[in-house]
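Residue strings, one per chain:
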Amino acid sequence: MINHHVDKFFFSQKGYCPCCENEVVFESNNSWLRDHFICSNCNSLPRERALMVVIEKHYPDWKKLVIHECSPARRGASIKIKNNSSNYIATHYYPNYPMGKTIDDFRNEDLEKQTFPNESFDIVISQDVMEHVYNPKDAFMEIARTLKPGGAHIFTVPIINKHRKSEVWARKNENGDPIFLKEPEWHGNPINNNGSPVTMHWGFDIVDFIKSNSDLETIIEHIDNLHLGIRAEYIEVLVSSKPI
Ligand SMILES: [Zn+2]
């Protein structure tokens, strides 16, 4: 007899969305909730809702602060922050264009070598970016440099190695293309259809990595709150604070 069984996963949950601030239904057609458990109203993902909750918790007055978001998404927390901040600047990296200039409504910035002055921002936000940088040391140092005292880098990054050490996954060659040290891995990129190469597999030692390369102290927030649609693997939110 032929087994016609297929994985017909379906999960639906009523709740409140921290991104669109509505009573909504969260739904997933796939058991991998991290990429599929969307808000039916704004399409946000669990990690985006978690980020929003953490920003509101640590900086309840975020709407009045100076915020830099690196490589924003076109939905979820990025849209909410952009629409509600009086002082929000979004950057993307276009390596073939001059740095510091505006391209397609974004300022062109290399996260590892930014053109912003020291102590420019109250909050720097990045969402699933730090697993794609080739020189995370430089990126964290630059983020620390551009934060004001008392400010913080608030970010999501999949800590897939958990208690195992962080691993370098790819380096780049002289043309800027990835040389994978392990199995090639790519994630979606809002401004590049080829996607972004995964360069790091982070473990919880990311906290020590940041500390050893900057003056930032990092805590890891882990939220599991079904009512807020925050349930999935690898949705930790990191808060790296610059001393006052
Ligand atoms: Zn929503």
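See the structure shown above.
Note that the structure is predicted; figures quoted are calculated from it, not measured.

(A) Molecular detail of the overall build of the chain. If you tally the helices and strands in the chain, you get five helices and 17 strands. Radius of gyration (C-alpha) of the chain: 18 Å, near the 18 Å computed for a compact globule of 244 residues. With the C-alpha coordinates aligned to their principal axes, the bounding extent of the chain is approximately 65 × 45 × 35 Å. Looking at the chain residue by residue over its 244 residues, the buried ones come to 37%. Pairs at least 24 apart in sequence give 61% of the contacts found in the chain among residues at least 6 apart.

(B) How the structure looks around the sheet that holds strand β8 (residues 121-127). Taken together, eight strands build an open sheet; the order of strands is β6-β7-β5-β4-β8-β9-β17-β16 and the sheet is mixed. The two strands at the open ends of the sheet, each matched to only one other strand, are β6 (102-103) and β16 (217-221). The pairing of strand β4 (residues 66-70) with strand β5 (residues 87-92) spans five bridges and is parallel. Across the sheet, V66 pairs through a bridge with N87, a residue of β5. Strands β4, β8 and β9 (147-156) of the sheet are contacted by helix α4 (residues 136-146), whose axis makes an angle of about 140° with β9.

(C) View of the pairing of β8. Of all the seven residues making up β8, seven are buried; the element is thus mostly covered by neighbouring parts of the structure. Bridging between β4 and β8 involves four bridges; their strand directions are parallel. Looking across to β8, one finds that H68 is bridged to V124. Sheet topology places β8 next to β9; six bridges connect them, and they run parallel. In the sheet register, V124 faces β9, and the bridge partner there is H153.

(D) Representation of the sheet that holds strand β1 (residues 11-17) within the structure. The strand order across the open sheet built from three strands is β1-β2-β3, with neighbouring strands paired in antiparallel fashion. This sheet does not close on itself; its edge strands, each paired only once, are β1 and β3 (38-39).

(E) Expanded view of the packing of helix α2 (residues 46-58) against helix α3 (residues 76-84). The interhelical angle for the contact between α2 and α3, taken along N-to-C directions, is 35°, at an axis separation of 8 Å. Here E48, L51 and M52 of α2 lie close against α3, whose contacting residues are G76, A77 and K80. Class assignment for the residues of the contact of α2 with α3 results in three nonpolar, one polar and two charged.

(F) Structural view of unusual backbone geometry. You will see that N43, though not glycine, has its phi angle at about 65°, which is positive. Located in the positive-phi region is D128, a residue other than glycine, with phi close to 50°. Mapped onto the fold, D128 is located in the loop between β8 and α4. The class of D128 is buried, set by 21 C-beta atoms lying within 10 Å.

(G) Structural context of the nonpolar core. Ranked by internal contacts, the top residues of the largest apolar core, which has 51 residues, are L51 and I154. Sort the elements by how many residues they give to this core and α2 lands first, with five residues. Residues within four places of I154 in sequence aside, it is in contact with L51, V54, I55, H58, I123, I125, V237 and V239.

(H) Spatial organisation of the pairing of strand β13 (residues 186-189). Pairing of β13 with strand β14 (residues 192-197), which is carried by three bridges, proceeds in the antiparallel orientation. By the bridge assignment for β14, H187 is matched with S196. Between β13 and β14, which pair antiparallel one after the other, the connecting turn spans two residues.

(I) Expanded view of the environment of K101. If you trace the backbone, K101 turns up in the loop between β5 and β6. For K101 and T91, which are ten residues apart along the polypeptide, the C-alpha to C-alpha distance reads 9.9 Å.

(J) Representation of the environment of R164 in the model. Residue placement: R164 occurs in the loop between β9 and β10 (167-168). Through-space distance from the C-alpha of R164 to that of D205 is 8.1 Å; in sequence the pair is 41 residues apart.

(K) Region of the structure containing α2. In this model α2 runs 19 Å from its N-terminal to its C-terminal C-alpha over 13 residues, within 8% of the 18 Å that 1.5 Å per residue would give. Turning to α2, its buried residues are P46, R47, E48, R49, A50, L51, M52, V54 and I55.

Rules of the game
Residues numbered from 1 in each chain as written. Predicted model: local features only at pLDDT ≥ 70, side-chain atom pairs only at ≥ 80, totals over all residues. Helix = DSSP H or I, 4+ residues; strand = E, 2+ residues; numbered from the N terminus. Rg over C-alpha atoms; globule rule 2.2 N^0.38 Å. Buried ≥ 20, exposed ≤ 12 C-beta atoms within 10 Å, placed from the backbone. Contact = placed C-beta atoms within 7 Å. Pairing = 2+ DSSP bridges. Axes fitted to C-alpha atoms, helices over the stretch in contact; angles between N-to-C directions. Nonpolar A, V, L, I, M, F, W, Y, C, P; charged D, E, K, R; others polar. Core = buried A, V, L, I, M, F, W, Y, C linked by C-beta atoms within 7 Å. Expected span 1.5 Å × (residues − 1).

Take it as geometry only, folks, not as evidence of what the structure does.
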